[in-house]
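Notes for the structure review
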Amino acid sequence: MKFYLVRFLCPFLVLRAHKEGKPQKLLEMNGHTPVPHAYDYDLIVIGGGSGGLAAAKEAARYEKKVMVLDFVTPTPLGNSWGLGGTCVNVGCIPKKLMHQAALLGQALQDSRKYGWQFTEEVKHNWMTMTESVQNYIGSLNWGYRVALREKNVTYENAYGEFVGPHTVKATNKRGVEKLYTAERFLIATGERPRYLDIPGDKEYCISSDDLFSLPYCPGKTLVVGASYVALECAGFLAGLGLDVTVMVRSILLRGFDQDIANKIGEYMEEHGINFIREFVPIKVEQIEEGTPGRLRVTAKSTKGNQIIEGEYNTVLLAIGRDACTRKIGLDKVGVKINEKTGKIPVNDEEQTNVPYIYAVGDILQDKLELTPVAIQAGRLLVQRLYGGATSKCDYVNVPTTVFTPLEYGACGYSEEAAVEKFGEENIEVYHSNFWPLEWTVPSRDNNKCYAKIICNIQDNERVIGFHVLGPNAGEVTQGFAAAIKCGITKEQLDNTIGIHPVCAEVSSAIQILCFSSSII
Amino acid sequence: MAALWRRRLLGVSGLCRTVRALSGKNEYDLLIIGGGSGGLACAKEAAQFGRQVAVLDYVEPSPQGTKWGLGGTCVNVGCIPKKLMHQAALLGSALKDAQHYGWNIAQPVHHTWSVMAQAVQNYVKSLNWGHRVQLQDKKVKYFNMKGSFSDLHTVRGLTKAGKETIVTAENIVIATGGRPKYPMHIAGALEYGITSDDLFWLKESPGKTLVVGASYVSLECAGFLTGIGLDTTVMMRSIPLRGFDQQMASLVTEHMESYGTKFLKRCFPTKVEKLESNRLKVTWKNTDLGTEETDSFDTVMWAVGRAPDTETLNLEAVGVKTNSETGKIIVDASEATSVPHIYAVGDITEGRPELTPTAIAAGKLLAQRLFGQSSELMDYDNVPTTVFTPLEYGCVGLSEEAAVQCYGSDNIEVYHAYYKPLEFTVAERDATQCYVKMVCLREREQRILGLHFIGPNAGEVIQGFALGIKCGATYPQLMKTVGIHPTCAEEITKLHITKRSGLDATVTGC
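In the nomenclature of an unreviewed UniProt entry, chain B is known as thioredoxin-disulfide reductase (NADPH) of Accipiter nisus. On record in UniProt, under Sequence similarities (unreviewed entry), the comment for chain B is "Belongs to the class-I pyridine nucleotide-disulfide oxidoreductase family."

As annotated in an unreviewed UniProt entry, chain A carries the name Thioredoxin reductase 1, cytoplasmic and comes from Accipiter nisus. UniProt annotates chain A under Function (unreviewed entry) with the comment "Reduces disulfideprotein thioredoxin (Trx) to its dithiol-containing form. Homodimeric flavoprotein involved in the regulation of cellular redox reactions, growth and differentiation. Contains a selenocysteine residue at the C-terminal active site that is essential for catalysis. Also has reductase activity on hydrogen peroxide (H2O2)." The Sequence similarities (unreviewed entry) comment attached to chain A in UniProt states, word for word, "Belongs to the class-I pyridine nucleotide-disulfide oxidoreductase family."

Below, the structure written as structure tokens:
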């Protein structure tokens, strides 16, 4: 095969990059039979986040000709970032690092009780932290680009949208458009924070897309929302010493175990975070410009007509995220989305209703919005497409952790979901409070940490839910998730010997230490 | 009242028992000698079955005169104070990290031993008190007495003041644990050296310290002493962490070296002398160079192993067999000694892991078998453990060496990876030794034989995986487990490079 078909949709465009001979030569050198159609690529991935990049790199391993289109639409305040998607730039990574900064603030207080002496006054410098975090992110962005290059994946910093069958248009920052064709496509465009659609929201409010690179300390902050993003951000901002208020419409951490969600709220409240419950903002006005400026927020009760006002330096919206699926030409190729949520339904092989178009990550309907899930889904998809593998991504018993000041790790069913699925009489809940050894010396937060295990009585007391609230919950939960994957039962749990003295020990000792309680 | 019971003669125990049973003569259903983790757990469990239970506990002061309360090694001179002092050292690194994370901490930063020690000791004392209250609540009789056997069902308790009490019981559990060994052949060792029995109770900083030995006790203590800013040297004759995976052991010591702990390898001490300055002059032999070297220290701590505390028990009187080499008590799978109604749990037993949670579990299960109609035996396989060195090392199952020995190197597959904890990046900390290794069978199912993890919070990381391995986890099952991002533990679910492949095991990116 000597020529790729060159399509000119826009006659002024000279298509070069994708025509260069290298990938083609490679294909020939490796003696592969060329793709039956004259497509530019075997696979074009739209969206260079966790899922998209994992899939692209995996496909390159099978010596497929792969392109990644990634483009970050700036936030209303004009922020944008590099390759890698939400997790790396405005999600897990900066969030966990800022959470760590807040934990270190707690460590400073603890350390005095452990014999360390230093000046009384310790202030936090937002810029020092943010620059370090952003430098690290910059190195990751760079790392991704290098990784793509090394694997001969073509990367374009351009906005991809479908314009016809097997064809996407890529528009770069300067508005230059190119067309590319591929045999298959993977949509992995992820989500972006939702705005309130009230006066002043886009002008004056920030979202998590802005927070982690904010070039000034946010000061007194109102966090709107009760999602994990809201609580995590509120948690670390307070931990850095800021005056933080969380405005909650209804419940905390919807979808998570509510017993635990409320404990998280209580802990945050006890640690100085204000909660305004059952209110929603209706207007945000600027009182004074500045870095930070001053904003007036007007909010209305969800239960009546009560109106309240408050003054903040920063208003952070964390009320949810919307899938980036409405402006990528899905209608042009007939990919169905859920009109209400914008999410894409896929079958158990991540295939959309259009057979040659697949989707992974946060844009999937009824799937989990987690980086490792997107990575796994992307990798396994490619292995099935090109490697003859049959393994499908397993969305069951996926562990997750909320990095609130007191971390919350979970795997499997929440208590509510377990009751609903199996019936109250068929589940047994074992639970216990615990006090991490390290907290005894500074004598803080006794009986705030908590672990809960939900078992299915009908199935040999198999563990169907694991919940732990305490330090290093992520580290603790990971192994338990592996055990749940192996089908662990309560009996086996009881027979596992603890490691002394660690927090994870509590779970295996739950029954021994404490009480078994019928729920509710 | 107990003193009224007459001592019985050896050899007629069968008869005596009948007589006692008929006359209700046996004072207790269960007597436990040793109020440590295993003993207390067994006592409390037995009491739950409504039995008459007594515990004898007595702490023989260390050669330096240190003594402590109820609870045994773990609570007083082991896990608890060790982990708290380890935490003090970790907080020292946190203070350094914090500056990278934007916290302005004016230098200098000092550590004051007495503040830490006081806090740790106060906490330990609260635990001692808690144990006493628990025994009381559960109606377990507690004697602060040293116990020794008079005959098969009779133990003589001796108070500090020398007052004697005779206690009789149907069943007796020996749970006296172990104590640090002194190298008695080294001049000045006993006179001038301390052990871990003393370290945690020191009122003043040990200053420049030499820790002799390469056990986990040695490395943990040297690690936290270095971490709180003390000039610390470890002297080891041969390999570190014998019995642990040796690749992991080397990484642990390598990390300690790079963080300032000095190591005198292949050296052994020959004498300790006290200088006029009150410092200790230690002379040692360097076996590499064949030379004799000396240096002076403020403190010399022996961490050369632990010996079972059986000497004063008068075991010969009842015929409880011990291993002549180790001095430990020989027990069967039901923790029974050579004398059927005498049992032993914990560090005193031969061939068992010396770990608090195993002693607790063994003690509890024993009580359940004795009084609760249970037949469940303690499973000593796949017991996880963690070494709390500055960079923690957690493991469960077989070491790579042991796996090779058991199955042959052709039949095992070792997956491994070096990784960088996210928190280390901003803190600009070196992660050269952060490493995870999984040893699996090579056959199709690839059952996991051992898991080894070096990094922060290793104990927390390994616990859950231990559970999985207990359930017979296989490599594919672990690979199907979705990671939690961003954590260190997720690295375990991403292991894909085999040692056999020879590929670079350095983890890059997400």
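**Here we look at the UniProt feature "binding site: NAD(+)" (unreviewed entry) in chain A**
Residues and elements named next belong to chain A. Within this numbering scheme, the UniProt entry marks Gly225, Ala226, Ser227, Tyr228, Val229, Ala230, Leu231, Glu232 and Gly320 as carrying the feature "binding site: NAD(+)" (unreviewed entry). With the annotated positions falling across 96 residues, the maximum pairwise C-alpha distance of 13.4 Å places them together in a single cluster. Assignment of secondary structure puts Ser227 in the loop between strand E11 (221–224) and helix H8 (228–239). In this structure, Ser227 is in contact with Leu253 and Ala318, ignoring residues within four places of it in sequence. Along the chain, the position of Glu232 falls in helix H8.

**Focus on the sheet that holds strand E15 (residues 294–301) of chain A**
Residue and element names in this part refer to chain A. Pairing within the open sheet is antiparallel, and its three strands lie in the order E14-E15-E16. One side of each edge strand has no neighbouring strand; the edge strands of this open sheet are strand E14 (279–288) and strand E16 (307–312). For this sheet, the mean inter-axis angle between neighbouring strands, taken without regard to orientation, is 20°. Note that E15 and E16 share six bridges and pair antiparallel. Following the sheet pairing, Thr298 is matched in E16 by Glu309.

**What to know about helix H4 (residues 92–113) of chain A**
Residues and elements named next belong to chain A. With 22 residues, H4 extends 31 Å from end C-alpha to end C-alpha; this agrees with the ideal 32 Å at 1.5 Å per step. Counting buried positions along H4 yields 17 of 22 residues, so the element is predominantly enclosed. Where H4 ends, the next residue or the one after it, Gly115, has phi of about 100°, a positive value.

**Observations concerning the UniProt feature "binding site: FAD" (unreviewed entry) in chain A**
Within this structure's numbering, the places UniProt gives as "binding site: FAD" (unreviewed entry) are Lys96(A), Gly160(A) and Asp362(A). Sequence-wise these annotated residues cover 267 residues; spatially they are dispersed, their C-alpha atoms as much as 30.0 Å apart. Within the fold, Lys96(A) resides in helix H4. Beyond its immediate chain neighbours, meaning those up to four positions away, Lys96(A) contacts Phe403(A), Glu475(A), Leu422(B), Glu423(B), Pro486(B) and Thr487(B). Relative to the helices and strands, Gly160(A) is located in strand E6 (residues 158–164). Residues contacting Gly160(A), with those up to four places away along its chain left out, are Ile46(A), Leu69(A), Lys169(A) and Ile328(A).

**A look at helix H2 (residues 50–61) of chain A**
Residues spaced three or four apart along an α-helix point in a common direction, a consequence of the helix completing one turn every 3.6 residues. All names here are of chain A. In this model, H2 (12 residues) spans 17 Å end to end at C-alpha, consistent with the 16 Å of a helix rising 1.5 Å per residue. Extensive coverage of H2 is indicated by the burial of 11 of its 12 residues. Every buried residue of H2 is accounted for by Ser50, Gly51, Gly52, Leu53, Ala54, Ala55, Ala56, Lys57, Glu58, Ala59 and Ala60. Buried residues belonging to H2 abut strand E1 (41–46), strand E2 (66–69), helix H3 (85–90), helix H5 (126–150), strand E8 (177–187) and helix H11 (371–386). Once H2 ends, the next one or two residues include Glu63, with phi positive near 60°.

**Details of unusual backbone geometry**
Residues and elements named next belong to chain A. Note that the residue after Thr291, namely Pro292, is joined by a cis bond; omega there is -5°. Note that Pro292 resides in the loop between E14 and E15. One non-glycine residue, Glu350, lies in the positive phi region at around 60°. By the secondary structure assignment, Glu350 is in the loop between helix H10 (330–333) and strand E19 (357–359). The exposure class assigned to Glu350 is buried, which follows from its relative accessible area of 1%.

Conventions adopted
- Residues numbered from 1 in each chain as written.
- Chains lettered and ligands numbered in written order.
- Predicted model: local features only at pLDDT ≥ 70, side-chain atom pairs only at ≥ 80, totals over all residues.
- Heavy atoms only, no water.
- UniProt positions renumbered as here; feature names shortened; annotations may be inferred.
- Helix = DSSP H or I, 4+ residues; strand = E, 2+ residues; numbered from the N terminus.
- Contact = heavy atoms within 4.5 Å.
- Pairing = 2+ DSSP bridges.
- Axes fitted to C-alpha atoms, helices over the stretch in contact; angles between N-to-C directions.
- Expected span 1.5 Å × (residues − 1).
- Buried < 20%, exposed > 50% of the residue type's maximum accessible area, 1.4 Å probe, protein only.

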